[in-house]
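What the coordinates show
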Amino acid sequence: MNTKTKIAGIELDSCILNASGPKDATMEELEAIANSASAAIMMKSCTIEPREGNEEPRLYVFPEGCFQSMGLPNLGYKKYIGFAPQLKKFKKPIIASLAGFSKDDYVTMVEAFQRSEVDLIEVNLSCPNVEGKPIVGYDFEQAEKLLKSFVGLGEKPVGLKLPAYYDMNHFQQMAKLVLKYNISFLTCINTITSLIINPETEATVIKPRKGIGGVSGTFIKPFGLSNVRIFYELLENKVSIMGVGGISTGTDAFEYLLAGADAVQIATTFEKEGPGCFERINNEMKEILKRKGYNSIESAKGKLKYL
Ligand code: RRO
């Protein structure tokens, strides 16, 4: 079984890696990912300055998933640039994730990471949890201004982490920008803005932003799958796609491959289960591929059948 895949020309030994978010903000955490079966080392979305993030409680874990408003706690982009040479020895691709508050922030960070030792740059256009900061991926005019400012700043492939879309017109607008600005890969989807209420206390379960946060886990899988599929069709295989949302088993990962993903990222399951999840999900997925007669990731990619 050939489990290799490629994202924007960068080879990955398997198609299962960690998603930006859980347990990837410190060197210790990144080393744990490096020592796991995750096919790459994805870093926490970073900002220009270090951030403590939002006030606690800000993370609520429940059986079907997680719900949080972390507010971008991270060490600041310079630290992650400094981590990259130390992480090189693990011989797997390193992916930076950037989240700016302005065009200048994005330009500064993309430029700096282009000169760093990371292999891929994921630009987060979909952080839902910072007060007063809209999700840029929903504002196509703003998104275009950003893309214009940071593409072409270097040779490393740049991708976008997108929010979930629901309207075909929005998919088309984003796909047009992706092609116009030669974006190399997409990561679909970020968490979905939600509210969870504790009926006993009659209160919110997290403190920031009056209890509104991003939900992840089992029940966001259908949204992730539709986003991967629709972009796969609109982009006609010209752009690599990483699927993320509700993957806890090899079957979930297999469904994302059928939808058109080149690789899948694991967030909530990694948060709950720890670094052993990458090997387990990969083994489960390989079993399914074998049973169904697929001998590679590529051979299953996009093979969704229509009724
Ligand atoms: O740190 C966060 O609150 C956060 C980020 Br940057 C993101 O992209 N998605 C999310 O659910 N939380």
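None of the values given here were measured: they were computed from a predicted structure.

A regular strand places its side chains so that they alternate between the two faces of the sheet. Burial runs high along strand S9 (residues 158-162): 5 of the 5 residues are buried. Of the two faces of S9, both are covered, the one formed by Val158, Leu160 and Leu162 as well as the one formed by Gly159 and Lys161. This β-α-β element, strand S8 (residues 120-124) to helix H4 (residues 140-150) to S9, shows right-handed connectivity. Strand direction decides the pairing type here: S9 and strand S10 (residues 185-188), joined by 4 bridges, are parallel. Bridge pairing in S10 places Gly159 opposite Phe185. On the question of chirality, the crossover connecting S9 to the parallel S10 by way of helix H5 (residues 168-180) is right-handed.

Right, let's talk about the pairing of strand S14 (residues 212-217) for a bit. Counting buried residues along S14, 5 of its 6 residues qualify, which places the element largely inside the surrounding structure. Strand direction decides the pairing type here: strand S6 (residues 65-68) and S14, joined by 4 bridges, are antiparallel. Considered in S14, the bridge of Cys66 is made with Ser216. Pairing of strand S11 (residues 192-195) with S14, which is carried by 4 bridges, proceeds in the antiparallel orientation. Within S14, the residue paired with Leu195 across the bridge is Ile212.

This next bit is on the nonpolar core. Val123, Leu160, Leu186 and Phe231 are the most contacted members of the largest nonpolar core, which has 96 residues in total. Dropping the residues within four chain positions of it, Leu160 is found in contact with Val123, Leu125, Leu147, Phe150, Met174, Val178, Ile183, Phe185, Leu186 and Thr187.

One can describe the packing of helix H3 (residues 103-114) onto H4 by two numbers: an axis separation of 9 Å at closest approach and a directional angle of 30°. Looking at the two axes, H3 sits roughly parallel to H4. As for the relative orientation of H3 and H4, their crossing is right-handed in sense. Each of Lys103, Tyr106, Val107 and Val110 in H3 lies in contact with H4, whose residues at this interface are Lys145, Leu146, Ser149 and Phe150. Split into classes, the residues belonging to the contact of H3 with H4 amount to 5 nonpolar, 1 polar and 2 charged.

Omega for the peptide link from Glu56 to Pro57 comes to 0°, which places this bond in the cis form. Mapped onto the elements, Pro57 comes out in the loop between strand S4 (41-42) and strand S5 (59-62). The amide bond that connects Cys188 to the next residue, Ile189, takes the cis arrangement and shows omega of 20°. Looking at where Ile189 falls in the secondary structure, it is placed in the loop between S10 and S11. Phi angles above zero are rare outside glycine, and Asn182 is one such case at about 55°. In the Ramachandran plot, Arg209 falls in the positive-phi region, its phi being about 50° despite a non-glycine side chain. If you trace the backbone, Arg209 turns up in the loop between strand S13 (203-204) and S14.

Rules and cut-offs
Residues numbered from 1 in each chain as written. Predicted model: local features only at pLDDT ≥ 70, side-chain atom pairs only at ≥ 80, totals over all residues. Heavy atoms only, no water. Buried < 20%, exposed > 50% of the residue type's maximum accessible area, 1.4 Å probe, protein only. Helix = DSSP H or I, 4+ residues; strand = E, 2+ residues; numbered from the N terminus. Right-handed = clockwise from strand over helix to strand, strands pointing away. Pairing = 2+ DSSP bridges. Core = buried A, V, L, I, M, F, W, Y, C linked by side-chain atoms within 4.5 Å. Contact = heavy atoms within 4.5 Å. Axes fitted to C-alpha atoms, helices over the stretch in contact; angles between N-to-C directions. Parallel < 35°, antiparallel > 145°, perpendicular 65-115°, else oblique. Left-handed = near helix turned anticlockwise from the far one by under 90°. Nonpolar A, V, L, I, M, F, W, Y, C, P; charged D, E, K, R; others polar.

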